[in-house]
Amino acid sequence: MLQEEEVELMLEQGGIPISQLCNSSVNIDLLQCPICFNILWKPIACGQDRCFSSFCQYCIESWLNQKNAQSTFEEEEETFANESNCPKCKRLFIKTEIPLVKVLLSQIELKCVHSDCTQVIPYEEYENHIVNCKERKKQCRGCQQYILQNKLEEHESQCSQIPVECQKCHKRMPKCDLESKHDKYNCIENLFKIQDQQLENLYTQYLMCDDMVNYYEEKIARMMKGDLIILNEYNFFTIFTANYQFTTDNLYIARLVRNSYNHNKQKNDFLHFYVDYHFTTGLEGYEWKSRVIRLRGNLLIGVCSSQLSNSVDFIVNRLGEVKKKEENDNRYHIIRKVNFTFGEGDVIRFQILPFMQCLRITNETRHLTFCFNRNELQEMGDQYFSFFSLEYQGDALQFL
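Now for a description of the structure that goes with this document. These figures come from a predicted structure and were not determined experimentally.

Definitions and limits used
- Each chain carries its own residue numbering, running from 1 in the direction its sequence is written.
- pLDDT decides what is reported in this predicted model: residues at 70 or higher carry local features, side-chain atom pairs at 80 or more are listed and counted, and totals for whole chains, interfaces and linings draw on all residues regardless.
- Values shown for side chains rest on all heavy atoms present in the structure; no hydrogens or waters enter the calculation.
- Put simply, a nonpolar core is a bunch of buried Ala, Val, Leu, Ile, Met, Phe, Trp, Tyr and Cys residues held in one set by side-chain atoms that sit within 4.5 Å of each other.
- Accessible area is worked out with a 1.4 Å probe on protein chains only. A residue is then buried under 20% of its type maximum, exposed over 50%, and partly exposed in between.
- Helix and strand definitions follow DSSP, with helices as H or I runs of at least four residues and strands as E runs of at least two, each counted in order from the N terminus.
- For this analysis, residues touch if any pair of their heavy atoms sits within 4.5 Å.
- As used in this structure description, the phrase polar contact means that two N or O atoms lie within 3.5 Å; if the pair is within protein, one of them must be able to donate a hydrogen and the other to accept it, and residues adjacent in sequence are counted only when both atoms belong to side chains.
- The criterion for strand pairing is that DSSP finds at least two bridges linking the strands in question.

On to the nonpolar core, then. If you look at the biggest cluster of nonpolar residues, it comprises 39 residues, and the most contacted ones within it are Phe372 and Phe399. It is strand S17 (residues 271-280) that provides the largest number of residues to this core, a total of 4 residues. In this structure Phe399 touches Tyr234, Phe236, Leu251, Tyr252, Phe273, Val275, Trp288, Lys289, Ser290 and Phe388, once residues within four positions along its chain are discounted.

This is how it looks when you write it as structure tokens:
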């Protein structure tokens, strides 16, 4: 039976083995798939000029879907760089059908794969015959014997090894065991086992919930005491890679080494870089510090909804001007003026305070404080990023 199953599988995953050929009035070499080397099954051809090679449908679809297709032909590897290439002509595979191939296939006859069947089948009737052949056998789900498929249902209705389910405890077992061994005591024992397992699962879920409650209680207690996660390692991100120089060997310095002059505006452009860490609007609180090492121009300190140009931004500059940029706007518009400024040598502390729902920025050198408030942070969505913009070559910040 194993041989019959293998042949049936080949009809699903390739062509018809040459061994099944009975009669042919054409050269069978013309009807072999170049991939599996069997007789073509449900053929598809390449429509490229001077190619027209035919393949089994399953074979060519598998070939084209393979991300790292390996050649079955003696060709150079680079010709297979494009997975959509035809295996024969190495050009883009254009799906087509060739009527002549189907005409030639109709002139062959094949043997049935089922050993007790002596019929000779025309190619176009082969699939239907294989599926409905009266000599086709299938494996019984109980005793594992191979039974003629038209008698399988009757056999399984009488087979003592067929798995069945107890209607009370839902345990599956062979029919003979249900009838001879599975009494009411076994059934009650199985029901107790099921209930014990359910109780164990519930207890495990209770422990997980209890751990989560303890975790959040501790987190809330830390935040109410003002305990924040202190950042002391930083990564930076910018699209202006040619303009910025970042040092991350325990110094964490961001320096603008090349400014960008805007001739239309007759001034330098502000160039963004990000502390490559996204902050969420959840229960986590964070704190970090930076020092203004050098500042000859202006500096923008801001938050944004994403690291893309179409983000919502809020910034404060060294003049204490708070500005906003809308999602589809490239300009900043002033929304208020605050008593906050900074300059060269100042140490600035950043605190994300989830209970207060704000980002508090404190100039520790000048004892000035400013906040991006709850409404402004809510416009960021579920997460936001911290960014800085410098405009003057040589200006630099150190993150502590």
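With respect to the helices and strands, Arg258 occurs in the loop between strand S14 (253-256) and strand S15 (261-262). Look at Arg258 and you get partly exposed, because its relative accessible area is 46%. Polar side-chain contacts of Arg258 include one of 2.4 Å to the backbone oxygen of Ala242.

So, about the pairing of strand S20 (residues 313-317). Across the 5 residues that make up S20, a large majority, 5, are buried. Burial along S20 is two-sided: the face carrying Asp313, Ile315 and Asn317 and the face carrying Phe314 and Val316 are both buried. With 5 bridges joining them, strand S19 (residues 299-304) and S20 adopt antiparallel strand pairing. Residue pairing across strands places Gly302 opposite Ile315, the latter belonging to S20. If you look at the hairpin formed by S20 and strand S21 (residues 321-325), you'll find 3 residues sitting between the two strands, and Gly320 has a positive phi there, around 80°.

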